[in-house]
Amino acid sequence: RLFDLDPDLLPLFQYNYKQFASPQECLSAPEFLDHIRKVMLVIDAAVSHLENLSCLEEYLCSLGKKHQAVGVKVESFSTVGESLLYMLEKCLGTAFSPDVRE
């Protein structure tokens, strides 16, 4: 869904200086799948620490700097969020209520 919403994000995903020719090629790359696992671990940590997000502040700031260094723009994270919500809606079906979305 991410690359459907913003195809210009594809070049940001380079591993070992390899450019992907298509979203399908990127989505099947082991390095991309590893990246997705890491993203989900960060989301899990954030959700697990909702009451005390300050404990993740240093890590998240460092992660943000790394993303900025490779050309990720702040506005791209809205697209990532929209893609995540889309996936949750597809996976959860009717359990994806307005409260769950919020």
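Since we're looking at a predicted model, the values are computed, not measured.

**Student:** Break down the overall build of the chain for me, citing the residues and quoting the values.
**Tutor:** Counting its regular elements, the chain contains six helices and zero strands. Counting helices and strands in the order they occur from the N terminus, the chain gives α-α-α-α-α-α. Over its C-alpha atoms, taken along the principal directions, the chain stretches across nearly 40 × 35 × 25 Å. Put simply, the chain has 102 residues, and 17% of those count as buried.

**Student:** Got a sec to walk through the packing of aromatic side chains? Specific residues and values, please.
**Tutor:** Inspection of the entire model under this criterion finds four aromatic pairs. Aromatic side chains Phe3 and Phe13 sit 5.7 Å apart centroid to centroid with 85 degrees between the ring planes, which places their arrangement in the edge-to-face category. Here the residue Phe3 occupies a position in helix H1 (residues 2-5), and Phe13 occupies one in the loop between H1 and helix H2 (23-27), the gap between them amounting to ten residues. Following the ring pairs from residue to residue traces out a cluster consisting of Phe3, Phe13 and Phe32. Seen from the ring of Tyr86, Arg1 lies directly overhead, with NZ or CZ sitting 4.4 Å from the centre.

**Student:** Would you mind going over the state of the cysteines in detail, with residue names and values included?
**Tutor:** According to the stated counting rule, one finds zero disulfides in the structure shown. Cys91 provides the cysteine sulfur closest to Cys26, a residue in no disulfide bond, and the two sulfurs are 19 Å apart. The thiol sulfur of Cys55 is not disulfide-bonded, and the nearest other cysteine sulfur, from Cys61, lies at 13 Å.

**Student:** Give a detailed account of helix H5 (residues 76-92), specifying residues and quantitative values.
**Tutor:** When the terminal C-alpha atoms of H5 are compared, their 24 Å separation across 17 residues agrees well with the 24 Å that a helix rising 1.5 Å per residue should span. Within H5, the full set of buried residues consists of Ser76, Thr79 and Ser83. Within H5, the buried residues cover an arc of 55 degrees as seen down the axis, which keeps them to one side. For H5, the secondary structure elements touched by its buried residues are H1. A positive phi of about 60 degrees marks Gly93, the residue just after H5.

**Student:** Account for the environment of Val74, naming residues and giving values.
**Tutor:** One can find Val74 in the loop between helix H4 (57-69) and H5. Distance in space between the C-alpha atoms of Val74 and Asp44 is 21 Å, their sequence separation being 30 residues.

Each value, and the rule that gives it
- Residues numbered from 1 in each chain as written.
- Predicted model: local features only at pLDDT ≥ 70, side-chain atom pairs only at ≥ 80, totals over all residues.
- Heavy atoms only, no water.
- Helix = DSSP H or I, 4+ residues; strand = E, 2+ residues; numbered from the N terminus.
- Buried < 20%, exposed > 50% of the residue type's maximum accessible area, 1.4 Å probe, protein only.
- Phe/Tyr/Trp six-rings, centres within 6.5 Å; stacked < 30°, edge-to-face > 60°.
- Lys NZ or Arg CZ within 6 Å of the ring centre and 35° of its normal.
- Disulfide = S-S within 2.5 Å.
- Expected span 1.5 Å × (residues − 1).
- Arc of directions from axis to C-beta.
- Contact = heavy atoms within 4.5 Å.

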